[in-house]
Amino acid sequence: MRQVDFENGSVSRNIFMTSLPMLVAQVLNLLYSIVDRIYIGRIPGMGTLALGGVGLCFPVIMMVTAFTNLYGMGGAPLCSMARGRGDRRSAEKIMNLSFFMLLGTAAVILVLGEVFTQPLLIALGATEGNISIAAGYLRIYLLGTFFTMIATGLNPYINAQGFSGVGMLTVLIGAVTNILLDPLFIFTLGLGVRGAAIATVLSQALSAVFVLRFLTGGQAELRLRLMTPRQFRDDLSIAGEIVSLGLSSFIMQFTNSLVNIVCNNMLAAYGGVSIMTVVNSVRQITETPVLAIADGGSPVLSYNYGARRPQKVRRGIFLISAMGLVYSAAVWILIERFPAFFIGIFSPSEDFIAQAVPALHIYFFAFVFMALQYAGQTTFKALGKKKHAIFFSLFRKVVIVVPLAIILPGVFSLGTNGVFMAEPISNVIGGTACYVTMLLTVMPELKDMENSGDP
């Protein structure tokens, strides 16, 4: 696979060369869960109930992703900056420290998740009608925790080396396998929701094997190796840097999980858990290109920041912002015009579509502001501004969404609409605050760097 040359290529070309494969990869990665939901929603006689049961598992799945991002998204910018400085040894050490932490955390999640599945699901809002469905899916899904965290957590280090095509292929292998195995296990073998979980685990296992094979092979610039506990202790300070920078990505996923828990519990009282499952699924589909643009630009920003090239960093920030805004505006128009199409992807029921369309309109009302949130957040992470990244991860979800999701339905008598209204309000306030703060803090620093003439 061809390696992107961050050293000599133009900023726009490098961002495009990394974003395009990452877009394909993230779309394919999304298929792991989306395809499951599409098939699950069509299980005869219980599709809607099954969707609600699997939706209860989302907070736990998000927690696995949160820990994966803690080490993957936390270490990859540091790795890119080290490469930009020409310090290959440090870049390789960062990757291997992350690998060690991924393995250790996966073991803890697997054990705790399997032991506390039932009480955990009850705390998440499970009822007698759907707890057996949710538990059947979650127990099997957690068996693949090692595979999920290795495949997803190490992929940013492949992209940090400029091998975005390999990163895309990593996900392609698993996604295609999942698409092929889902109908076999769900319908042909009659395993239902459990079959969807089995297909996901097997698919992630193939992706993990491919990632390990590439990073231990001869083509990778940075080589993966298993560290001993003693070696890990010797580099605890670097591990701390990885975790501290990764906290923003961790908090974003953790707070997404928290929001899901709050919303599921509120909607369990007012009705609409299955609708939230579908609305969240639509959001995941439509926000994926914005994430790909941001994540594709991140290693380019980090590399040029490490190489002290402020003009290229500035150009990259504005390019990411413009691409994200144009795309998110186009998505909002499509959802406003064709909401039934997006809902119909997951459920063919006309009654369900009629109930879900108003919720979709409310939820996506200020979707364009998400582009500002991601552009600002990505810039803070890529340049190592961990305090700002962590603050704005917490601000939008914990400070705004969670209180609104609790207050609006009851205090203002908005019912389920109040739960869905929390998202657009948070997008406007949180997205604007994040982006404006980024402009006021990062741009002056880049100007000082440029004026200093320090190479």
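In short, a report on the structure. The structure presented is a predicted model; accordingly, all values stated were derived computationally and were not measured.

With that out of the way, let us pick up the environment of Met 81. In this structure, Met 81 sits in helix 3 (residues 58–84). Owing to a relative accessible area of 9%, Met 81 belongs among the buried residues under this scheme. For the pair Met 81 and Gly 129, spaced 48 residues apart in the sequence, the C-alpha separation amounts to 51 Å. Once you skip the residues sitting within four places of it in the chain, Met 81 turns out to touch Ser 302, Tyr 305, Gly 306, Ala 382, Leu 383 and Gly 384.

A separate point is the pattern of salt bridges. For side chains bearing opposite charge, pairing can occur when the charged atoms are close. Going through the model one piece at a time under the given rule, you end up with nine salt bridges. The residue Arg 283 makes a salt bridge to Glu 287 at a minimum N-O spacing of 2.9 Å. One end of the pair is Arg 283 and the other is Glu 287, both in helix 12 (residues 273–306) and four residues apart, which spans about a single turn. Its relative accessible area of 9% is what places Arg 283 among the buried residues. Among the ionic contacts, a cluster of salt bridges with common partners joins Arg 396, Lys 397 and Glu 423.

Right, let's get into the nonpolar core. With 133 residues, the main nonpolar core has Leu 121, Tyr 137, Leu 154 and Leu 215 as its most contacted residues. Other than its neighbours up to four places away in sequence, Tyr 137 contacts Asp 36, Val 54, Cys 57, Ile 61, Val 193, Ala 196, Ala 197 and Thr 200.

A word on a nonpolar patch on the surface. Together, Val 108, Val 111, Leu 112, Val 115, Phe 116 and Leu 120 make up an exposed nonpolar region whose accessible area comes to about 530 Å². Considering every element that reaches the nonpolar patch, the biggest residue donor is helix 4 (residues 88–115), with four residues. By the secondary structure assignment, Val 115 is in helix 4. Of the residues examined, Val 115 reaches a relative accessible area of 55% and is grouped as exposed.

Attention shifts here to the side chain of Ser 328. Relative to the assigned elements, Ser 328 resides in helix 13 (residues 310–337). Setting aside its immediate chain neighbours within four residues, Ser 328 contacts Phe 367, Val 368 and Ala 371.

Conventions and cut-offs
- Along each chain, residue indices are assigned from 1 in the same order as the chain's sequence is written.
- Reporting of local features is limited, given that this is a predicted model, to residues whose pLDDT is at least 70; pairs of side-chain atoms are given and counted only at 80 or more, and all residues count toward the totals for whole chains, interfaces and linings.
- Hydrogens are left out, water is left out, and the side-chain values use all remaining heavy atoms of the structure.
- The secondary structure listing takes helices from DSSP runs of H or I that are at least 4 residues long and strands from runs of E that are at least 2 residues long, numbered from the N terminus.
- Here's how the labels work: a residue is buried when its accessible area is under 20% of the maximum for its type, exposed when over 50%, partly exposed in between, all with a 1.4 Å probe on protein chains only.
- Any pair of residues with heavy atoms lying within 4.5 Å of one another is described as a contacting pair.
- Should a side-chain nitrogen of Lys or Arg be within 4 Å of a carboxyl oxygen of Asp or Glu, the pair is scored as a salt bridge.
- We call a set of buried Ala, Val, Leu, Ile, Met, Phe, Trp, Tyr and Cys residues a nonpolar core when their side-chain atoms join them within 4.5 Å.
- Patch membership needs two things, relative accessible area over 30% and no salt bridge, and members are linked within 9 Å if like-charged or within 5 Å if nonpolar (Val, Leu, Ile, Met, Phe, Trp, Tyr).
- Using a 1.4 Å probe, accessible areas were evaluated by the Shrake-Rupley method; residue-level cover was limited to the displayed protein chains.

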